[in-house]
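# Residue-level structural notes
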Amino acid sequence: MISLLIITHETLGAAYVQLANHFFSGQDLSHISILNVSHADDHESIIHRAQELLPEIDHGNGVLILTDIFGATPCNAAMKMIVPQKSAMISGLNAPMLIKALSYSRQETDLAKFTETVKQAGLNGIMAFTE
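It should be emphasised that the depicted structure is a prediction, and the values quoted were computed from it without experimental measurement. (Residues numbered from 1 in each chain as written. Predicted model: local features only at pLDDT ≥ 70, side-chain atom pairs only at ≥ 80, totals over all residues. Heavy atoms only, no water.)

Let us look at helix α4 (residues 95-104). Among all positions of α4, only Met97, Leu98, Ile99, Ala101 and Leu102 are buried. The secondary structure elements touched by the buried residues of α4 are β1 (3-9), α1 (12-23), β2 (32-37), β3 (63-67), β4 (87-90) and α5 (111-124). The backbone nitrogen of Met97 has a side-chain oxygen 2.9 Å away, supplied by the residue at the start of α4, namely Asn94. (Buried < 20%, exposed > 50% of the residue type's maximum accessible area, 1.4 Å probe, protein only. Helix = DSSP H or I, 4+ residues; strand = E, 2+ residues; numbered from the N terminus. Contact = heavy atoms within 4.5 Å. Polar contact = N/O pair within 3.5 Å; in protein donor to acceptor, adjacent residues only side chain to side chain.)

For the pair α1 and α4, interaxial distance at closest approach is 10 Å and the crossing angle is 55°. With respect to α4, the axis of α1 lies oblique. Viewed along their axes, α1 and α4 form a crossing whose handedness is right-handed. Seen from α1, the contacting residues are Tyr16, Leu19, Ala20 and Phe23; seen from α4, they are Ala95, Leu98, Ile99 and Leu102. (Axes fitted to C-alpha atoms, helices over the stretch in contact; angles between N-to-C directions. Parallel < 35°, antiparallel > 145°, perpendicular 65-115°, else oblique. Left-handed = near helix turned anticlockwise from the far one by under 90°.)

Turning to the sheet that holds β2, a few remarks are in order. Whether parallel or antiparallel, the strands of a sheet pair through hydrogen bonds between backbone atoms. Within the open sheet, the four strands sit side by side as β2-β1-β3-β4. Their pairing is parallel. Among the strands making up the open sheet, the edge pair consists of β2 and β4. Between one strand axis and the next, the sheet turns by 20° as a mean value, whatever way the strands run. One ladder, built from four bridges, connects β3 with β4; its direction is parallel. Its bridge partner being in β4, Ile65 is matched across the sheet by Met89. (Pairing = 2+ DSSP bridges.)

Now for the UniProt feature "domain: PTS EIIA type-4" (unreviewed entry) in the protein. The UniProt record annotates "domain: PTS EIIA type-4" (unreviewed entry) at residues 1-126. Taken end to end, residues 1-126 comprises 46% helix and 17% strand; its first and last C-alpha atoms sit 27 Å apart. (UniProt positions renumbered as here; feature names shortened; annotations may be inferred.)

As a further point, take the pattern of salt bridges. The final tally for this structure, using the stated rule, is four salt bridges. The shortest N-O distance in the salt bridge between Arg106 and Asp28 comes to 3.4 Å. Of this pair, Arg106 sits in the loop between α4 and α5 while Asp28 sits in the loop between α1 and β2; the two residues are 78 residues apart in sequence, bridging distant segments of the chain. Lys86 is the salt-bridge partner of Asp58, the closest N and O atoms lying 3.9 Å from each other. Remark: Lys86 occurs in the loop between α3 (73-79) and β4 and Asp58 occurs in the loop between α2 (43-57) and β3; sequence separation between them is 28 residues. Assessed through its relative accessible area of 48%, Lys86 is described here as partly exposed. (Salt bridge = Lys/Arg side-chain N within 4 Å of Asp/Glu carboxyl O.)

Structurally, Ile99 can be placed in helix α4. Setting aside residues no more than four positions away along its own chain, Ile99 makes contact with Phe23 and Phe24.

Position of Ile90 relative to the elements: it lies in strand β4. When the C-alpha atoms of Ile90 and Leu64 are compared, they prove to be 7.6 Å apart, with 26 residues separating the residues in sequence. Not counting residues up to four positions away in its chain, the partners in contact with Ile90 are Leu64, Ile65, Leu66, Thr67, Met97, Thr115, Val118 and Lys119.

Set out below in structure tokens:
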């Protein structure tokens with residue numbers, strides 16, 4: 001199983017977990033953790049909290065870290081957590097990405113393959129309509 005760590009601004013991560021509970025009602029989602037980042041948090045404390053959390057939530061096949069905005073504080077801190085074959089990160093978290101991650105995280109064991117699959121789901125979930 002690959003664990004998920006959502007690092008986002010304020011309570012956005014909690015909203016994503018509520019969405020996950022809506023889609024996967026009654027299923028065990030204990031492999032998802034949240035690290036909320038407030039405007040008062042300094043960069044080093046975020047990194048410290050994430051470093052403490054990662055070993056606790058890794059069930060043996062690694063952790064995929066999902067962040068909201070590329071280049072923002074949650075993403076910048078998460079980038080320091082990447083350890084090949086132990087942790088990976090995707091920025092730009094959206095609902096299709098989260099649903100794909102939850103659909104496959106229990107059976108997937110290859111973190112790199114899983115990360116690419118989840119990223120592609122996020123991209124495929126973006127549509128533009130002008131008419």
